[in-house]
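Summary of the model geometry
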Amino acid sequence: MKRRIVRFLSCAMICVNAGAQKIHEKAPDFSGTSPDGKTVRLSEYAGKAVLVDFWASWCGPCRQEMPFLIGQYAANKDRGFAVIGVNVDKDAKNLSKFLAGLDVKPDFPIIHDPQSKICPLYGLEGMPTSVLIDRKGIVRFRHVGFKPETQDVLIREIDALIAEK
Amino acid sequence: MARRLPVFLLFCILLLSLASGCARVQPWQREDLSDPIMIFDENPIEKGIREHPLDYREGSSGGTGSQSGGCGCG
């Protein structure tokens, strides 16, 4: 009887945690459309270190993070590094308005995902979430939220993934 | 019957937990919650004016989150 209860509870716990995507696992492939109509697919960036950033214009830390991402992409794009932004604003106007207000515009692809179909694949726990994927397509690091001190950690991790061949 | 009672109780507890009205709002669904209209005290000056007499009349200084001993001398 006890064994049956333990088995049942174990199954229940596994089911509860099934949504959270873990590190050292293959990054789920996804595709989406950018505001200018281009299709962006993660698998097209195979062989590169990729930072997938889930963000929204209504999220304060996401807004703070954007200039950092733009800077990192500009500094490392020729070294085999890519950034894909996944924006979950319901209204594309809010996304466009936020991007228009930036001094330096992001030149990495941004997917507009108003129905948030991509987020559940990565089991997000907060916004923004930065997922770092290595050249082999394995999720290596993930960060929830963005604080100034997160920048140094992210820079170190990006450099480490770029250095891997 | 006595052997089945723990299973029945466990089943009832699980059923009750599933039947609750709470739902987890996912991080990407918080757009409406982050709207400025959801802030209770958007204007800190107005909040101070409203709460100051209330605090001392009711002796509830600190009861709404500010740090004070509640003695009315702060």
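Structural data are supplied above this passage.
Residues numbered from 1 in each chain as written. Chains lettered and ligands numbered in written order. Predicted model: local features only at pLDDT ≥ 70, side-chain atom pairs only at ≥ 80, totals over all residues. Heavy atoms only, no water.

Here we come to the overall build of chain B. Broken down by element type, chain B carries 2 helices and 0 strands. For chain B, the proportion of its 74 residues judged to be buried stands at 8%. For chain B, the accessible area works out to roughly 6400 Å², and carbon and sulfur atoms hold 62% of it. (Helix = DSSP H or I, 4+ residues; strand = E, 2+ residues; numbered from the N terminus. Buried < 20%, exposed > 50% of the residue type's maximum accessible area, 1.4 Å probe, protein only. Areas by Shrake-Rupley, 256 points an atom, 1.4 Å probe, with all protein chains shown as cover.)

We now examine the interface of chain A and chain B. Facing the 15 residues of chain A at the interface are 10 residues of chain B. Counting each side, the surface lost to burial between chain A and chain B is near 1100 Å², with a carbon and sulfur contribution of 68%. Scanning the region where chain A abuts chain B turns up 1 salt bridge. Ionic pairing is found between Lys90(A) and Asp32(B), a salt bridge with its closest N-O pair at 2.9 Å. Counting across the interface, chain A meets chain B through 3 residue pairs in polar contact (both at pLDDT 80 or more). When its residues are assigned to classes, the side of chain A that touches chain B shows 9 nonpolar, 3 polar and 3 charged. (Contact = heavy atoms within 4.5 Å. Buried area = accessible area lost by both parts, 1.4 Å probe. Salt bridge = Lys/Arg side-chain N within 4 Å of Asp/Glu carboxyl O. Polar contact = N/O pair within 3.5 Å; in protein donor to acceptor, adjacent residues only side chain to side chain. Nonpolar A, V, L, I, M, F, W, Y, C, P; charged D, E, K, R; others polar.)

With that settled, the discussion passes to the environment of Pro44(B). On the secondary structure map, Pro44(B) appears in helix 2 (residues 44-58). It is 28 Å that separates the C-alpha atoms of Pro44(B) and Trp28(B), two residues lying 16 residues apart in sequence.

The next point concerns the pairing of strand 7 (residues 139-144) of chain A. Residue and element names in this part refer to chain A. Note that strand 6 (residues 129-133) and strand 7 share 5 bridges and pair antiparallel. Counted as the bridge partner of Thr129 is Val144 from strand 7. Taking the residues between adjacent antiparallel strands as the criterion, strand 6 and strand 7 are bridged by 5 residues, where Gly137 takes a positive phi near 85 degrees. (Pairing = 2+ DSSP bridges.)

Residues and elements named next belong to chain A. Helix 4 (residues 150-163) packs onto helix 2 (residues 60-76) with a crossing angle of 25 degrees between their chain directions and a minimal axis gap of 12 Å. Between helix 2 and helix 4, the interaxial angle falls into the category roughly parallel. Of the two elements, helix 2 crosses helix 4, and the hand of that crossing is right-handed. Counted together, Phe68, Gln72 and Asn76 of helix 2 and Gln151, Leu154, Ile155, Ile158, Asp159 and Ile162 of helix 4 form the full contact between these two elements. Here the contact of helix 2 with helix 4 is built from residues that sort into 5 nonpolar, 3 polar and 1 charged. (Axes fitted to C-alpha atoms, helices over the stretch in contact; angles between N-to-C directions. Parallel < 35°, antiparallel > 145°, perpendicular 65-115°, else oblique. Left-handed = near helix turned anticlockwise from the far one by under 90°.)

Residues and elements named next belong to chain A. Inspection of helix 3 (residues 92-100) places Leu95, Phe98 and Leu99 among the buried residues, and these make up the whole buried set. The arc that holds the buried residues of helix 3, viewed along the axis, is 95 degrees, so those residues lie on one side. Pointing more than 90 degrees away from the buried face of helix 3 are the exposed residues Lys93, Lys97 and Ala100. Between the side-chain oxygen of the N-cap and the backbone nitrogen of Lys93 there are 3.0 Å, and the N-cap of helix 3 in question is Asp91. (Arc of directions from axis to C-beta.)

For the rest of this paragraph, the subject is the packing of aromatic side chains. Residues and elements named next belong to chain A. Under the defined criterion, the tally for this structure stands at 5 aromatic pairs over all chains. For the ring pair Phe30 and Tyr122, a centre distance of 5.9 Å and an interplane angle of 80 degrees mean the geometry is edge-to-face. With Phe30 in the loop between helix 1 (2-17) and strand 1 (31-33) and Tyr122 in the loop between strand 5 (110-112) and strand 6, this residue pair connects regions lying 92 residues apart in the sequence. Judged by centre distance (5.7 Å) and plane angle (35 degrees), the rings of Phe68 and Phe146 are tilted. Residue Phe68 is found in helix 2, and its partner Phe146 is found in the loop between strand 7 and helix 4; the two are separated by 78 residues along the sequence. Its relative accessible area of 10% is what places Phe68 among the buried residues. (Phe/Tyr/Trp six-rings, centres within 6.5 Å; stacked < 30°, edge-to-face > 60°.)

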